[in-house]
Number of protein chains: 4
Amino acid sequence: MIIVMKPNAAESSILAVTQYIEKNGLKSHLSKGEEVTIIGVVGDKSRISSENLIVYKDVDRIVPVTESYKLANKKFHPEATSVKVGNTVIGPDNLTIMAGPCAVETEEQLMTIARAVKSSGATILRGGAYKPRTSPYSFQGLEEEGLRYMRTAGQETGLSTICEVVSQEAIEAAVKYVDMIQIGARNMQNFILLKEAGRSGLPVLLKRGLCATIDEWLNAAEYIISEGNPDVVLCERGIRTYETSTRNTLDLSAVAVLKERTHLPVIVDPSHSTGAYKYVPPMAKAGVACGADGLMIEVHNDPAHALSDGPQSLTFEKFDKLTKELKPFCDVVGRSFE
Amino acid sequence: MIIVMKPNAAESSILAVTQYIEKNGLKSHLSKGEEVTIIGVVGDKSRISSENLIVYKDVDRIVPVTESYKLANKKFHPEATSVKVGNTVIGPDNLTIMAGPCAVETEEQLMTIARAVKSSGATILRGGAYKPRTSPYSFQGLEEEGLRYMRTAGQETGLSTICEVVSQEAIEAAVKYVDMIQIGARNMQNFILLKEAGRSGLPVLLKRGLCATIDEWLNAAEYIISEGNPDVVLCERGIRTYETSTRNTLDLSAVAVLKERTHLPVIVDPSHSTGAYKYVPPMAKAGVACGADGLMIEVHNDPAHALSDGPQSLTFEKFDKLTKELKPFCDVVGRSFE
Amino acid sequence: MIIVMKPNAAESSILAVTQYIEKNGLKSHLSKGEEVTIIGVVGDKSRISSENLIVYKDVDRIVPVTESYKLANKKFHPEATSVKVGNTVIGPDNLTIMAGPCAVETEEQLMTIARAVKSSGATILRGGAYKPRTSPYSFQGLEEEGLRYMRTAGQETGLSTICEVVSQEAIEAAVKYVDMIQIGARNMQNFILLKEAGRSGLPVLLKRGLCATIDEWLNAAEYIISEGNPDVVLCERGIRTYETSTRNTLDLSAVAVLKERTHLPVIVDPSHSTGAYKYVPPMAKAGVACGADGLMIEVHNDPAHALSDGPQSLTFEKFDKLTKELKPFCDVVGRSFE
Amino acid sequence: MIIVMKPNAAESSILAVTQYIEKNGLKSHLSKGEEVTIIGVVGDKSRISSENLIVYKDVDRIVPVTESYKLANKKFHPEATSVKVGNTVIGPDNLTIMAGPCAVETEEQLMTIARAVKSSGATILRGGAYKPRTSPYSFQGLEEEGLRYMRTAGQETGLSTICEVVSQEAIEAAVKYVDMIQIGARNMQNFILLKEAGRSGLPVLLKRGLCATIDEWLNAAEYIISEGNPDVVLCERGIRTYETSTRNTLDLSAVAVLKERTHLPVIVDPSHSTGAYKYVPPMAKAGVACGADGLMIEVHNDPAHALSDGPQSLTFEKFDKLTKELKPFCDVVGRSFE
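Treat the numbers as computed from the prediction; the structure is a model and nothing was measured.

Student: I would appreciate a short explanation of the overall build of chain A in the present structure.
Tutor: Secondary structure assignment for chain A yields ten helices and 14 strands. C-alpha atoms of chain A, sized along the principal axes, occupy 75 × 40 × 40 Å. Buried residues in chain A amount to 65% of all 338 residues. In chain A, 68% of the contacts between residues at least 6 apart in sequence involve partners at least 24 apart.

Written out as structure tokens, the structure reads:
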């Protein structure tokens with residue numbers, strides 16, 4: 001941490017800061033410039049509420065120099081992590097395709113979709129049983145019944161399964177039925193849920209919050225890992241910007257940034273980010289090209305009558321065409337894709 | 001709802017849409033322009049997943065014309081709501097000041113602050129017992145012990161009390177100790193928590209999410225009210241933008257917009273939005289000037305050593321100066337302020 | 001400037017950086033922490049392209065500690081500046097109201113509006129003769145003819161006058177007819193235009209760009225001042241965010257921030273920022289409450305038939321009501337208002 | 001255009017709107033729902049200031065249904081446009097690589113870089129002679145001298161050349177020396193400059209503004225084309241968001257959206273958008289994968305000592321490696337790349 005003093009800070013102000021630092025068992029390094037004095041702080045910063053130093057007289061700015069996440073940090077864990085999900089593995093050398101409906105609607109619908117996505121190359125079946133919806137009057141999901149259908153579909157097809165959870169109760173149910181749980185964008189900073197996910201024993205797909213910084217996202221992953229669960233996969237799903245041509249703005253640079261900062265696998269969701277099925281194929285390809293370890297894609301047997309997010313769902317034909325088109329990209333980037 | 005067809009949409013495409021609408025018990029009105037055909041939909045839109053119509057051939061756009069929130073909507077409830085909190089009332093003719101520390105630290109600290117804010121004119125004591133923090137390694141709050149201190153401080157000073165809740169467990173504890181619960185920005189779309197707050201029996205302060213639209217915010221309020229709890233107060237606390245000079249960007253226009261759209265009281269939080277004590281007084285005054293029913297302000301006996309959010313906390317002297325300066329603004333806008 | 005090295009940076013990497021710094025006549029201060037080494041740089045930073053140091057081996061981050069604007073900086077010019085515009089003055093102890101139509105349409109229209117806004121208390125007449133419009137097919141303004149009408153209206157009513165300029169040619173025309181020129185949001189980083197405005201001899205109202213940071217805005221002011229023109233007034237007019245309930249998001253915190261960072265007067269434009277006449281009065285009051293030196297408000301004799309921005313224009317009655325309501329706010333904040 | 005009336009709008013209010021529409025030679029279609037009445041407007045909307053209708057009594061919302069840009073619109077010009085630049089062509093079946101330094105510094109530097117990028121596969125040399133810089137104290141470019149070096153470098157290597165212009169004067173100079181001009185992000189809505197570019201006779205690369213919507217961007221292209229210049233190429237270069245890990249957020253979805261809306265070629269600039277050389281290769285590949293017609297990449301012989309934007313510049317080695325890696329992507333997407 002660096003403390004930048006104001007120009008012409010009084011000696012007494014500088015002394016007050018260094019005394020506070022040293023009283024708490026840390027060391028200070030003074031660097032007096034012509035314009036400003038800078039105080040470097042060395043030691044265990046958790047001993048002080050460092051942001052508060054801004055309140056000290058003549059302090060201009062506090063500049064942190066180390067990240068607050070450790071377990072998710074590539075600096076301390078340089079090799080890429082791979083995460084086992086049921087009978088498949090996410091990262092670092094293959095491309096994982098998670099596909100399925102936004103919401104589980106009926107057992108028959110789910111089974112039909114599961115067979116279709118399996119035959120096109122998906123290895124993980126996605127399907128929402130607990131749906132966070134903007135309006136209380138929208139369809140909220142089949143809950144545990146939906147999870148049961150997921151288990152059946154997984155068993156019949158050999159696909160691994162993933163389901164979003166929104167509460168402790170949902171996690172407890174999910175543990176019984178699926179192979180991976182998902183924390184959705186709206187719950188990325190629901191720290192209670194993150195801790196519970198960390199204690200669930202299941203691998204966790206952590207979606208980026210709609211306005212979360214990459215730093216906040218990695219801190220959210222840290223919540224899960226620090227509860228003893230190292231199996232975290234990150235999923236970029238678009239951030240909120242002023243542009244309205246797409247539902248959100250898919251931030252593919254985040255994939256490149258994450259590959260520098262963390263050892264965790266990274267998945268891209270071109271369906272929720274764009275909100276329109278037409279834009280899913282080009283964004284899926286771009287995701288693979290820039291280094292994603294996998295894709296999460298919504299597929300529906302009848303998008304026009306889907307109970308949730310129909311506009312962004314691919315039909316079976318479009319999904320099959322896309323996976324065929326993705327294969328040569330996998331070859332170029334050197335990822336296997338069954 | 002209006003469906004805008006593409007230029008030169010085929011007759012068969014138009015027919016497919018109108019048949020779908022009418023098959024579901026709704027009526028369609030056709031308006032054929034020189035460039036485009038428009039289909040108005042009349043009836044109970046909850047019968048169809050209207051967004052899916054975008055998937056129909058030759059459909060260009062779907063334009064909703066009614067809001068999805070009803071109970072929070074001023075159109076159906078024109079008079080301003082006032083919300084009773086302990087022995088005080090929020091809205092519509094007075095200015096409520098909620099003040100206190102970001103986090104409850106010790107009983108003594110809380111009591112000292114409670115007495116100070118009471119003597120300066122606050123009527124509700126705020127204090128965090130469950131702290132959502134970006135990093136798992138930051139101070140997370142005293143939990144139930146903090147709530148107990150809140151009750152004691154309320155009883156001794158006569159202040160009503162408010163505390164943030166982050167889980168069902170926290171709500172159950174809060175019900176025993178405080179007069180109002182707060183749903184924080186990070187949980188604004190934690191729909192499980194919203195429903196539980198709606199069943200708690202306590203009035204709820206609902207903070208705006210960091211990147212929530214006003215429409216989403218009112219839908220979140222709808223979740224609470226639709227569980228049978230009409231006592232919802234909205235709190236603008238800044239939205240995330242690209243500007244970094246303040247922690248977030250306080251969106252005071254939202255106060256004016258809310259006054260058009262909803263009957264619920266609106267509070268402004270100049271502390272979390274700006275993140276800097278210097279900017280709290282001007283933003284508090286601006287909040288009152290544009291019509292807010294109250295303010296939530298962080299006050300601390302020793303900001304430099306606060307366990308959370310010291311930089312934005314006012315000292316007792318600064319808070320007292322501010323409340324004195326706010327009085328003439330209350331006179332101008334015609335609000336009482338004890 | 002501070003250079004933060006990566007953890008375990010090689011000695012040779014640190015040496016390379018310090019040698020580069022010292023070779024260019026600057027001094028370096030080393031601060032070795034347990035985790036990272038920090039290099040403070042002292043001296044005239046304009047001698048090096050400091051951002052490039054990030055390219056050096058083992059450099060993690062470059063942290064600037066001084067602002068790049070000097071002439072606009074309150075640190076070096078603590079007293080508030082007041083700017084003379086025709087026969088009136090902007091800042092620091094009065095409230096200036098600029099009012100008039102978005103676009104000058106006819107001489108008669110302008111004269112009618114000028115008389116109305118004068119009688120309600122405005123001291124500066126605004127009116128657009130060169131209109132930057134999103135579409136090339138929208139009305140683009142009367143150009144020099146419009147400026148002539150502005151001069152006539154100013155002379156007849158005694159109002160000072162302001163007009164937006166979009167080119168060198170427009171500046172040359174404006175100098176002949178009006179008392180102040182305005183650089184609009186879209187041209188805030190049109191550096192050629194800024195320099196020309198700096199050489200025009202007229203005071204300049206510099207609107208904030210739609211996505212300009214406060215720092216970029218002050219640097220834009222620096223362009224004008226560094227050409228020898230100290231008469232710059234800043235105008236907050238809303239920034240672009242994801243929220244669509246208002247056209248832009250009025251950032252009133254920026255007023256408070258500017259009052260800390262610069263000595264230049266600050267004006268608030270509640271018309272363009274909200275885009276809706278209903279929201280103009282509350283935002284105008286909030287602007288005064290948080291310390292603005294003036295307001296820019298659009299007024300039109302017949303908003304429903306205005307050639308530009310009708311929806312946000314106040315009628316004469318609404319404008320007169322607003323100025324009457326603003327007076328007590330001026331009394332509270334201690335500003336004179338004729 | 002659709003006019004949505006408020007619930008329970010008075011008959012007289014509906015009549016006032018329809019009379020205004022019909023008085024101006026347009027036709028109205030009424031659609032009365034149970035909740036709201038909708039008025040469709042048919043005919044030449046340029047006859048009325050349609051946005052003003054919001055001011056009419058009981059009008060709730062105005063919904064435009066046609067785009068304001070025509071010449072840039074794919075609806076009216078379905079085949080993809082290709083743009084000739086010197087002796088090369090941009091779009092639709094090849095991948096154009098523009099490369100070179102951010103700023104032209106010396107003739108020798110430019111020549112060295114030109115030879116290197118040519119040998120790695122670039123067909124257009126980029127180089128800034130007029131640099132828009134945030135601070136007036138930063139290097140502003142060599143101006144006409146820089147353009148002369150560009151011409152020489154183009155002639156010696158056979159590369160076509162492109163240079164940013166910031167004023168009418170710069171355009172007049174550029175016409176003499178280079179093959180294509182660029183309108184930078186900060187000038188995307190400098191409508192005077194757009195019109196001048198439209199009359200220049202040179203093809204124009206139009207960069208997206210930092211906070212421009214895709215709709216505004218296409219309207220800016222319309223300004224150029226409507227002056228008689230059809231040779232416009234769009235360049236996505238990142239938009240401003242809250243995320244600070246990259247300089248801007250590269251919006252690759254915009255490429256997919258543009259391919260739906262316009263026939264103009266689209267280029268991606270991974271250098272300015274990310275601001276960091278490490279992120280250039282993955283984002284360049286992603287750009288090709290999602291359908292871009294070309295890339296603009298900054299290359300410098302000595303990034304650590306570049307006068308502008310060193311941190312994002314590739315060295316010759318890195319650039320050569322990247323172009324080699326891009327070739328298989330071109331094969332997959334079916335684009336030729338020399």
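Picking up where we left off.
Student: I keep staring at the interface of chain C and chain D and nothing clicks. Help me out?
Tutor: Accessible area lost on assembly of the parts is the figure often given for the size of an interface. On the side of chain D, 46 residues touch chain C, which itself brings 46 residues to the contact. Taken together, the connections running from chain C to chain D amount to two salt bridges. For Arg240(C), the salt bridge is made with Glu216(D), and the minimal N-O distance between the two is 2.6 Å. Applying the counting rule to chain C against chain D returns 18 residue pairs in polar contact (both at pLDDT 80 or more). For the side of chain C that touches chain D, the elements supplying multiple residues, two or more each, are α5 (191-198) and α6 (214-225) of chain C. By residue number, the principal contributor to the side of chain C that touches chain D is α6(C), which donates four residues. The class makeup of the residues in the side of chain C that touches chain D is 20 nonpolar, 16 polar and ten charged.

Student: Looking at this model, I keep getting lost on the confidence of the model for chain A. Mind explaining?
Tutor: Keep in mind that low pLDDT regions are not for reading the predicted coordinates in detail. Of all residues in chain A, 98% attain a pLDDT of 70 or more, and the chain-wide mean is 93. Taken over the whole predicted complex, pTM reads 0.93, whereas the ipTM for its chain interfaces reads 0.93.

Student: Teacher, can you tell me more about the sheet that holds strand β9 (residues 160-165) of chain A here?
Tutor: Whenever strands of a sheet pair, they do so through backbone hydrogen bonds, lying parallel or antiparallel. All names here are of chain A. Spatially, eight strands are ordered β7-β8-β9-β10-β11-β12-β13-β14 in a closed barrel, and the strand pairing comes out parallel. Averaged over all adjacent pairs, the angle separating strand axes in this sheet is 30 degrees, with direction ignored. The strands touched by helix α5 (residues 191-198) are β9, β10 (180-183) and β11 (204-207); relative to β10, the strand with the most contacts, the crossing angle is about 165 degrees. In the packing of helix α7 (residues 253-261) onto the sheet, contacts are made with β12 (232-236) and β13 (266-268), and the angle to β13 comes to roughly 175 degrees.

Student: Could you clarify how one ought to interpret the interface of chain A and chain B in this entry?
Tutor: Facing 46 residues of chain A, the contacting portion of chain B comprises 46 residues. Of the roughly 3,800 Å² buried between chain A and chain B on both sides combined, carbon and sulfur atoms contribute 52%. The largest per-residue losses of area from chain A upon contact with chain B belong to Thr134(A), Tyr137(A) and Arg240(A), which jointly make up 14% of the total buried on that side. Summed over the shared surface of chain A and chain B, the number is two salt bridges.

Student: When you look at the relation of the copies chain C and chain D in this model, what are you seeing that I'm missing?
Tutor: One copy of the chain maps onto the other through a rotation about an axis plus a displacement along that axis. Each copy of the sequence occupies a distinct position, and chain C is placed on chain D by a rotation of 180 degrees and an axial shift of 0.0 Å, giving an RMSD of 0.0 Å. Such a combination of rotation and displacement between the chain copies is what one expects of a two-fold axis. Minimal C-alpha separation from the rotation axis in chain C is found for Cys211(C), amounting to 3.0 Å. A symmetric contact is evident, with 100% of the interface residues of chain C recurring at the interface of chain D.

Student: Where do I start with the environment of Asp269(C) in this structure?
Tutor: Residue and element names in this part refer to chain C. Locating Asp269 in the fold gives a position in the loop between β13 (266-268) and α8 (270-274). With a relative accessible area of 0%, Asp269 lands in the buried category. Once residues lying within four places of it in the same chain are set aside, the contact partners of Asp269 are Lys207, Cys235, Glu236, Arg237, Leu250 and Met296. Of note is the side chain of Asp269, whose polar atom sits 2.6 Å from the side chain of Lys207.

Student: Mind showing me how you'd approach the packing of α6(C) against helix α7 (residues 253-261) of chain C here?
Tutor: In a packed pair of helices, the relevant descriptors are the angle between the two axes and the axis-to-axis distance. Residue and element names in this part refer to chain C. Where α6 meets α7, the axes come as close as 11 Å, and the angle between the chain directions of the two elements is 55 degrees. Between α6 and α7, the angle falls in the class oblique. Note on packing geometry: the crossing formed by α6 with α7 is right-handed. Between α6 and α7, the residues in contact are Ile214, Trp217 and Leu218 and Ala254, Val257, Leu258 and Arg261, respectively. In terms of residue class, the contact of α6 with α7 is built from six nonpolar, no polar and one charged.

Student: Would you mind going over the relation of the copies chain A and chain B with me for this structure?
Tutor: For these two chains of identical sequence, chain A goes onto chain B by a turn of 180 degrees and a shift of 0.0 Å along the axis, with RMSD 0.0 Å. Interface overlap between copies is the fraction of interface residues in one copy that are interface residues in the other; for chain A against chain B it reaches 100%, indicating a shared surface.

Student: What should I look at first to understand the sheet that holds strand β2 (residues 27-32) of chain D in this one?
Tutor: Residues and elements named next belong to chain D. Spatially, the four strands line up as an open sheet ordered β2-β3-β1-β4, and their pairing is antiparallel. The sheet is open, and its two borders are formed by β2 and β4 (59-63), each paired with just one other strand. Geometrically, the sheet is characterised by an average inter-axis angle of 20 degrees between neighbouring strands, direction not taken into account. Sheet topology note: the β2/strand β3 (residues 37-42) ladder contains six bridges and is antiparallel. Across the sheet, residue Lys27 finds its bridge partner in β3, namely Val42. In this fold helix α1 (residues 11-23) packs onto β1 (2-5), β2, β3 and β4, with an angle of close to 155 degrees to the strand it touches most, β2.

Student: Help me understand the side chain of Arg208(B) in this model?
Tutor: All names here are of chain B. Structurally, Arg208 is set in the loop between β11 (204-207) and α6 (214-225). Exposure remark for Arg208: the relative accessible area of 0% places this residue in the buried category. There is a polar contact of 2.9 Å between the side chain of Arg208 and the side chain of Glu236.

Student: Please explain the side chain of Arg237(A) as it appears in this structure.
Tutor: Residues and elements named next belong to chain A. As for its placement among the helices and strands, Arg237 is situated in the loop between β12 and α7. No salt bridge is formed by the buried Arg237, whose closest oppositely charged neighbour, Asp269, lies at an N-O distance of 5.9 Å. Polar contacts involving the side chain of Arg237 include one to the side chain of Asn248, which spans 3.1 Å. Those residues in contact with Arg237 that sit more than four places away from it in its chain are Ala185, Lys207, Arg208, Leu210, Asn248, Leu250, Asp269, His272 and Ser273.

Student: Help me understand the packing of helix α3 (residues 144-157) of chain C against helix α4 (residues 168-177) of chain C, please; the structure alone is not making it clear to me.
Tutor: All names here are of chain C. The contact between α3 and α4 brings their axes to 9 Å, and the two run at 20 degrees. In terms of axis orientation, α3 runs roughly parallel to α4. Where α3 crosses over α4, the handedness of that crossing is right-handed. For the pair α3 and α4, the contacting residues are Glu144, Leu147, Arg148 and Arg151 in the first and Ala173, Ala174, Lys176 and Tyr177 in the second.

Student: Is there a simple way to explain the state of the cysteines in this structure?
Tutor: A disulfide bridge is the covalent bond that connects two cysteines by way of their sulfur atoms. Residue and element names in this part refer to chain A. Summed over all chains, the structure comprises zero disulfides over all chains. No disulfide involves Cys235; its sulfur sits 13 Å from the nearest other cysteine sulfur, which is in Cys290. Given the relative accessible area of 0%, Cys235 is considered buried. Residue Cys330 stays outside any disulfide, its sulfur separated by 13 Å from that of Cys290, the closest cysteine.

Student: Can you help me understand α5(C) in this one?
Tutor: In an α-helix, one full turn covers 3.6 residues, which means residues spaced three or four apart are oriented alike. All names here are of chain C. Among the eight residues of α5, six are classified as buried, and the element is accordingly described as predominantly covered. Along α5, the residues that are buried comprise Phe191, Leu193, Leu194, Glu196, Ala197 and Gly198. The inward-facing, buried residues of α5 abut β9 (160-165), α4, β10 (180-183), β11 (204-207) and α6.

Calculation rules
Residues numbered from 1 in each chain as written. Chains lettered and ligands numbered in written order. Predicted model: local features only at pLDDT ≥ 70, side-chain atom pairs only at ≥ 80, totals over all residues. Heavy atoms only, no water. Helix = DSSP H or I, 4+ residues; strand = E, 2+ residues; numbered from the N terminus. Buried < 20%, exposed > 50% of the residue type's maximum accessible area, 1.4 Å probe, protein only. Contact = heavy atoms within 4.5 Å. Salt bridge = Lys/Arg side-chain N within 4 Å of Asp/Glu carboxyl O. Polar contact = N/O pair within 3.5 Å; in protein donor to acceptor, adjacent residues only side chain to side chain. Nonpolar A, V, L, I, M, F, W, Y, C, P; charged D, E, K, R; others polar. pLDDT = per-residue confidence, 0-100. Pairing = 2+ DSSP bridges. Axes fitted to C-alpha atoms, helices over the stretch in contact; angles between N-to-C directions. Buried area = accessible area lost by both parts, 1.4 Å probe. Least-squares fit on C-alpha atoms with pLDDT ≥ 70 in both. Parallel < 35°, antiparallel > 145°, perpendicular 65-115°, else oblique. Left-handed = near helix turned anticlockwise from the far one by under 90°. Lys, Arg positive; Asp, Glu negative; His and termini not counted. Disulfide = S-S within 2.5 Å.

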